[in-house]
Amino acid sequence: MKRIILFIATNLAVVVVLSIVLSLLGIGRPGSGTSMGGLLAFSVVVGFTGSIISLLMSKPMAKWSTGARVIEQPQNSTEQWLVGTVHALADKAGIGRPEVAVYEGDANAFATGAFKNDALVAVSSGLLQSMNKEEVEAVLGHEVAHIANGDMVTLTLIQGVVNTFVVFLARIVGSVVDGMLNKDEERRGPGIGYMVTVFVCELLFGLIASMIVAWFSRQREFRADAGSARLLGSTVPMQHALARLGGVHPGELPQGMAASGITSPSGWAALFSSHPPIEERIAALQQLR
């Protein structure tokens, strides 16, 4: 479940840091001359800043964190086939041809980038070694479908919206708690109770926000699977690729890397999973006509 962790972690970190700094400066605090409209505007700015920064950083961070090597000039027949296949799928999907890269690691692949016509598709050496060409092509189709669907931009908007509510609601709760703790005191501006409450609420509400974003990510995986089937003209290659992925050790990418996850955790942790269980994805493909 690595595909969106970097995106979420980066923008939440920016949100927390901006919130703390601006709160210390007295900006965006209820009761300090800030109206509800002003607080909402403040929340929008803070909420979307992290998402946009994460989106713009996604491609260079992906290259750096995985050590992915962009194929400028294919060094062998496999690389030549890989580049040709990705470009053919991109042409069929009606998007600009993405950069194609390879990296060392167990079976995995990812697509990232802020723009449809300036994206990156990368596959691991383990994926190329563990699958036949039809299965690899299905995985590449899945990643190209993510780009064609504009998933990173849509994720940015969703993350920005939920971040906005996290920042806004945390300050409302912080103001209420601070007022209750200091209702008999006369002083200017919120105190330590406000700061602590806002910090705790941002963490708690941030967890809920992560569940919402993860739910959306699971839905887009189904759509990308279906997109791969459309590009290849059959659901069978993607079904075979998923079955193969279910039988190999999933590739562990660097912490926070926006790459394709392979498995999905069970129990309560499934709420934070960016990918549905493989058996559910195969079943969804089997229902397509």
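This text follows the structure it describes.
Residues numbered from 1 in each chain as written. Predicted model: local features only at pLDDT ≥ 70, side-chain atom pairs only at ≥ 80, totals over all residues. Heavy atoms only, no water.

Asker: Honestly, the environment of Ala229 in this entry has me stumped. Any pointers?
Answerer: In this structure, Ala229 sits in helix H7 (residues 192-232). Relative accessible area serves as the criterion here: at 7%, Ala229 is assigned to the buried category. In this structure, the C-alpha to C-alpha distance between Ala229 and Ala145, residues 84 residues apart in sequence, is 9.6 Å. For Ala229, the residues in contact, after removing those within four places along its chain, are Ser234, Thr235 and Leu285. (Helix = DSSP H or I, 4+ residues; strand = E, 2+ residues; numbered from the N terminus. Buried < 20%, exposed > 50% of the residue type's maximum accessible area, 1.4 Å probe, protein only. Contact = heavy atoms within 4.5 Å.)

Asker: Which parts of the structure should I look at to understand helix H8 (residues 236-246)?
Answerer: Note that an α-helix has 3.6 residues per turn; residues three or four places apart therefore point the same way. Burial in H8 covers these residues: Pro237, Met238, Gln239, Ala241, Leu242 and Leu245. Elements that come into contact with the buried residues of H8 comprise helix H4 (125-130), helix H5 (133-148), H7 and helix H9 (278-286).

Asker: Could you clarify how one ought to interpret the pairing of strand S2 (residues 99-103) in this entry?
Answerer: Where a strand is regular, its side chains alternate between the two sheet faces. Most of S2 is tucked away, with 4 of its 5 residues classed as buried. Pairing between S2 and strand S4 (residues 118-124): 5 bridges, direction parallel. Looking at S4, one finds that Glu99 is bridged to Leu120. (Pairing = 2+ DSSP bridges.)

Asker: Teacher, can you tell me more about the nonpolar core here?
Answerer: Generally speaking, a soluble globular protein has its nonpolar side chains buried in company with each other. Within the largest apolar cluster, 32 residues are counted, with the highest numbers of intra-cluster contacts made by Leu82, Val123, Leu127, Met131 and Leu140. Going through the elements one at a time, helix H3 (77-93), S2, strand S3 (109-115), S4, H5, H7, H8 and H9 are the ones with two or more residues in this core. Residue contributions to this core peak at 6 residues, all from H5. Leaving out residues up to four positions away in the same chain, Val123 has contacts with Leu82, Ala101, Val102, Tyr103, Asn108, Ala109, Leu128 and Leu140. (Core = buried A, V, L, I, M, F, W, Y, C linked by side-chain atoms within 4.5 Å.)

Asker: What is the right way to look at the sheet that holds strand S1 (residues 69-70) in this model?
Answerer: Across a sheet, paired strands are connected by hydrogen bonds in the backbone, their directions being either parallel or antiparallel. An order of S1-S2-S4-S3 is seen for the 4 strands of this open sheet, with the pairing classed as mixed. Every interior strand has two partners, whereas the edge strands, S1 and S3, have only one. Across the sheet, H3 is in contact with S1, S2 and S4; its angle to S2 comes to roughly 140°. (Axes fitted to C-alpha atoms, helices over the stretch in contact; angles between N-to-C directions.)

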